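# Commentary on secondary and tertiary structure
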Amino acid sequence: MASVVTAAVSFPSSSTVPSRTSFSALDRVPFQKVSFQYRDFSISGRGVSIRAQVTTEQPVTKVVKESKKQDEGVVINKFKPKDPYTGRCLLNTKITGDDAPGETWHMVFTTEGEVPYREGQSIGVIPDGIDKNGKPHKLRLYSIASSALGDFGDSKTVSLCVKRLVYTNDNGEVVKGVCSNFLCDLKPGNEVKITGPVGKEMLMPKDPNATIIMLATGTGIAPFRSFLWKIFFEKHEDYKFNGLAWLFLGVPTSSSLLYKEEFEKMKEKSPENFRLDFAVSREQTNEKGEKMYIQTRMAEYAEELWELLKKDNTFVYMCGLKGMEKGIDEIMVPLAAKEGIDWIEYKRQLKKAEQWNVEVY
Ligand SMILES: Cc1cc2nc3c(=O)[nH]c(=O)nc-3n(C[C@H](O)[C@H](O)[C@H](O)COP(=O)(O)OP(=O)(O)OC[C@H]3O[C@@H](n4cnc5c(N)ncnc54)[C@H](O)[C@@H]3O)c2cc1C
Ligand SMILES: NC(=O)c1ccc[n+]([C@@H]2O[C@H](COP(=O)([O-])OP(=O)(O)OC[C@H]3O[C@@H](n4cnc5c(N)ncnc54)[C@H](OP(=O)(O)O)[C@@H]3O)[C@@H](O)[C@H]2O)c1
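Residues numbered from 1 in each chain as written. Chains lettered and ligands numbered in written order. Predicted model: local features only at pLDDT ≥ 70, side-chain atom pairs only at ≥ 80, totals over all residues. Heavy atoms only, no water.

## Looking at the state of the cysteines
This is how it is decided: Here, a disulfide means two cysteine sulfur atoms that sit within 2.5 Å of each other.
Under the counting rule described, the total for this entry stands at 0 disulfides. As a non-bridged cysteine, Cys-179 has Cys-184 as the owner of its nearest cysteine sulfur, 9.3 Å distant. The thiol of Cys-184 is unpaired, and the distance to the nearest cysteine sulfur, on Cys-161, comes to 9.2 Å.

Okay, structure coming up:
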């Protein structure tokens, strides 16, 4: 099965990426359907309906769990640290404004199709050089920011979205993160050692009619750019999205909004299927004057989000800062409690059904 791609890419004008491309790409694995139903569950003496995964077919001794995610044929760790893949940087461009607090770069590496990743996976990068003990640096993980077809649609590249880590330590010295600075300083043609791909947590749902709620802070946007390119910029014979994709992105300033133009193009193209909400923490507040974090923005739609979370084809994905999950729990607890539901238990069930997916750092 060939997949035809029509992608509209927006990079800063200095970039050399073509603005529209059309081509054929890799074969896809067809979906398999899985049945789910509600199971009665009792919390605090009240009968409530909690979702749970139940297989309805063949009452045999060994039940094979079918994943709700697109996980057939997913490749894990093809390249290990001892024998990494060596790709080359094709382009590297700063995607935050000059006045943004910190720099984030979008970079594309060649893979020649040798690193067969899926949307939602990560790769490892081994930076050049040695550590303070004279040993080669250890790998760092980065969420892949391109769809499986890659930014050029030929399945021969992989892209990352990397924040340059710079901080001042307790002695007042400026410290630069090893790998993020190595990556942000790469020039076209430079080599980069890649491991992986890794990760299954953030794979996309199989159901093309699913509601996909994506919660990102900063560079946590990477896997969602990957999802959204597949959903809105590409054509696949075996995956035609007709659900709802809802992205919440939290960043410090409007000059640090990542891939904004791309997302706005998607919204223009598919207004019925895409919702887009930004939370700009240092420029916006809620009506109580509180800082606009991603959970503050989500609270504006709390009831609607809660209703969506009751559907068994709603999938939540969260990526970025570790602290964000606690904030999101804080808005969900009272909503669930209104219906006599313990949010933490409910979330546990969602996780079990692969509907609550978290990759925070
Ligand atoms: C699954 C996964 C996916 C990831 N995806 C991405 C991604 O898509 N994009 C991205 O940019 N990053 C991502 N990361 C983070 C990435 O792996 C690196 O951790 C990050 O780039 C920093 O690495 P570094 O080598 O530059 O810093 P290092 O040289 O490893 O330094 C990091 C260390 O510096 C210290 N440090 C950091 N900040 C401070 C501070 N403010 N004050 C004092 N000490 C501090 C801490 O000890 C920290 O461990 C991901 C991480 C994981 C686990
Ligand atoms: N898969 C992964 O695990 C993965 C993938 C990608 C990135 N990461 C990591 O995720 C982090 C993202 O950093 P970044 O520098 O790219 O982000 P950033 O640009 O600094 O944006 C982070 C945003 O989140 C806000 N924020 C801070 N604390 C929060 C909280 N408790 N709840 C909700 N929002 C909060 C920040 O607000 P203020 O700054 O105004 O307080 C800011 O608006 C990095 O540490 C990166 O390494 C992890």
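After presenting the structure, the write-up continues.
## Considering helix 3 (residues 260-269)
Filter applied, for reference: Accessible area is worked out with a 1.4 Å probe on protein chains only. A residue is then buried under 20% of its type maximum, exposed over 50%, and partly exposed in between. Secondary structure elements are defined from DSSP: runs of H or I of at least 4 residues count as helices, runs of E of at least 2 residues count as strands, and each element is numbered from the N terminus. Taken from the helix axis, the directions to the C-beta atoms give the arc we talk about. The contact criterion used is simple: two residues touch if any of their non-hydrogen atoms lie within 4.5 Å.
For helix 3, the set of buried residues is Glu-262, Phe-263 and Met-266. Take helix 3 and look down its axis: the buried residues cluster within an arc of 95 degrees, on one side only. Where helix 3 is buried, its residues meet helix 2 (222-233), strand 15 (244-251) and strand 16 (274-280).

## Re the site of ligand 1
Convention followed: For this purpose, a residue is taken to be near a molecule or strand whenever a single non-hydrogen atom of the residue falls within 4 Å of it. Distance and chemistry together define a polar contact, namely a pair of N or O atoms within 3.5 Å, with one atom able to donate a hydrogen and the other to accept it when in protein, and with adjacent residues in sequence counting only for side-chain atoms on both sides. Note on areas: Shrake-Rupley, 1.4 Å probe, and residue coverage restricted to the protein chains presented here. Any residue that is not Ala, Val, Leu, Ile, Met, Phe, Trp, Tyr, Cys, Pro, Asp, Glu, Lys or Arg is counted as polar, Gly included; the first ten are nonpolar and the last four charged.
Taken together, 16 residues are adjacent to ligand 1, and Arg-140, Leu-141, Tyr-142, Cys-179 and Ser-180 come closest. Within the backbone of Leu-141, a nitrogen or oxygen atom sits 2.6 Å from an oxygen atom of ligand 1. Between Lys-163 and ligand 1, the recorded distance is 2.9 Å, taken from a backbone N or O atom to an oxygen atom. Against a free-state accessible area of 990 Å², the protein chains account for coverage of 65% of ligand 1. At the level of elements, strand 8 (140-143), strand 9 (157-163) and helix 1 (178-184) are the ones that each hand at least two residues to the shell around ligand 1. Per element, the largest residue contribution to the shell around ligand 1 is 4 residues, and it comes from strand 8. For the shell around ligand 1, a count of residues per class yields 9 nonpolar, 4 polar and 3 charged.

## Quick word on the pattern of salt bridges
Applied cut-off: Salt bridge, as used here: a side-chain nitrogen of Lys or Arg that lies within 4 Å of a carboxyl oxygen of Asp or Glu.
The final tally for this structure, using the stated rule, is 19 salt bridges. The salt bridge involving Asp-128 is made with Lys-193; its shortest N-O contact spans 3.2 Å. Residue Asp-128 is found in the loop between strand 7 (122-126) and strand 8, and its partner Lys-193 is found in strand 12 (residues 191-198); the two are separated by 65 residues along the sequence. Overall, Asp-128 belongs to the partly exposed group, its relative accessible area being 43%. Two residues, Lys-338 and Glu-303, come together in a salt bridge whose shortest N-O distance is 2.6 Å. Placement of the pair is Lys-338 in the loop between helix 6 (324-337) and helix 7 (343-352) and Glu-303 in helix 5 (residues 302-309), with a sequence separation of 35 residues. A residue is classified by how much of its surface remains accessible, and Glu-303, at 44% relative accessible area, is partly exposed.

## A few points about the sheet that holds strand 13 (residues 211-217)
The line we're drawing: If DSSP finds at least two bridges between two strands, the strands pair. Geometry is summarised by axes, namely lines fitted to C-alpha atoms with helices restricted to the contacting stretch, and by angles between N-to-C directions that run from 0 to 180 degrees.
Strand order across the open sheet formed by 5 strands is 16-15-13-17-18, with parallel pairing between neighbours. The outermost strands of the open sheet, each flanked by one partner alone, are strand 16 and strand 18 (356-360). Adjacent strand axes in the sheet meet at a mean angle of 10 degrees, parallel and antiparallel pairs treated alike. The sheet contacts of helix 2 involve strand 13, strand 15, strand 16 and strand 17 (314-320), and relative to strand 13 the element is tilted by about 145 degrees.

## Concerning the packing of aromatic side chains
Operational definition: Between 30 and 60 degrees the pair is tilted, below 30 it is stacked and above 60 it is edge-to-face, where a pair is any two Phe, Tyr or Trp rings, Trp via its six-membered ring, whose centres lie within 6.5 Å.
With the rule as written, the count across this model stands at 14 aromatic pairs. Relative to Phe-241, the ring of Phe-232 has its centre 6.1 Å away and its plane inclined at 80 degrees; by these criteria the two rings are edge-to-face. Residue Phe-232 is classed as buried on the basis of its relative accessible area of 4%. Judged by relative accessible area, which is 8%, Phe-241 ranks as buried.

## Describing the UniProt feature "binding site: NADP(+)" (unreviewed entry) in the protein
Note the cut-off: UniProt positions are given in the numbering used here, feature names are shortened, and annotations may be inferred rather than shown by experiment.
Listed under "binding site: NADP(+)" (unreviewed entry) in the UniProt record, and renumbered for this structure, are Ser-143, Lys-163, Thr-219, Val-251, Pro-252, Ser-281, Arg-282, Lys-291, Gly-320, Leu-321 and Glu-359. If sequence neighbours within four positions are ignored, Pro-252 has contacts with Pro-101, Val-280, Ser-281, Arg-282 and Glu-283. Examined against the element boundaries, Leu-321 turns out to sit in the loop between strand 17 and helix 6. Judged by its relative accessible area of 56%, Leu-321 is exposed.

## Looking at the environment of Cys-179
Within the fold, Cys-179 resides in helix 1. Taking relative accessible area as the criterion, Cys-179 reaches 2% and is therefore assigned buried. Through-space distance from the C-alpha of Cys-179 to that of Val-125 is 7.6 Å; in sequence the pair is 54 residues apart.

## Observations concerning the nonpolar core
Here is the rule we go by: Here, nonpolar core refers to any group of buried Ala, Val, Leu, Ile, Met, Phe, Trp, Tyr and Cys residues whose side-chain atoms link them within 4.5 Å. For the domains described, the bounds stem from an automatic or database domain assignment.
By size, the foremost hydrophobic cluster in this structure holds 36 residues, and its most contacted members are Ile-212, Ile-221, Phe-224, Leu-228, Leu-247, Phe-263 and Phe-274. Elements with a minimum of two residues in this core: strand 13, helix 2, strand 15, helix 3, strand 16 and strand 17. In terms of residues, this core owes the most to one element, helix 2, which gives 8 residues. Both domains that meet at this core, namely domain 2 (85-198) and domain 3 (211-360), each give it at least three residues. If sequence neighbours within four positions are ignored, Phe-274 has contacts with Leu-228, Phe-232, Leu-244, Ala-245, Leu-247, Phe-263, Met-266 and Lys-267.

## Side note on the packing of helix 5 against helix 6
The relative placement of two packed helices is expressed as an angle between their axes plus a distance between the axes. Formally: By definition in this entry, angles of less than 35 degrees are roughly parallel, angles greater than 145 are roughly antiparallel, angles of 65 to 115 are roughly perpendicular, and the rest are oblique.
Contact pair helix 5 / helix 6: the axes reach a minimum separation of 10 Å and the direction vectors enclose 70 degrees. In terms of orientation, helix 5 lies roughly perpendicular with respect to helix 6. Listed contacts from helix 6 to Ala-302, Glu-303, Trp-306 and Leu-309 of helix 5 are Met-332, Leu-335 and Ala-336. Partitioned by chemical class, the residues of the contact of helix 5 with helix 6 number 6 nonpolar, no polar and 1 charged.

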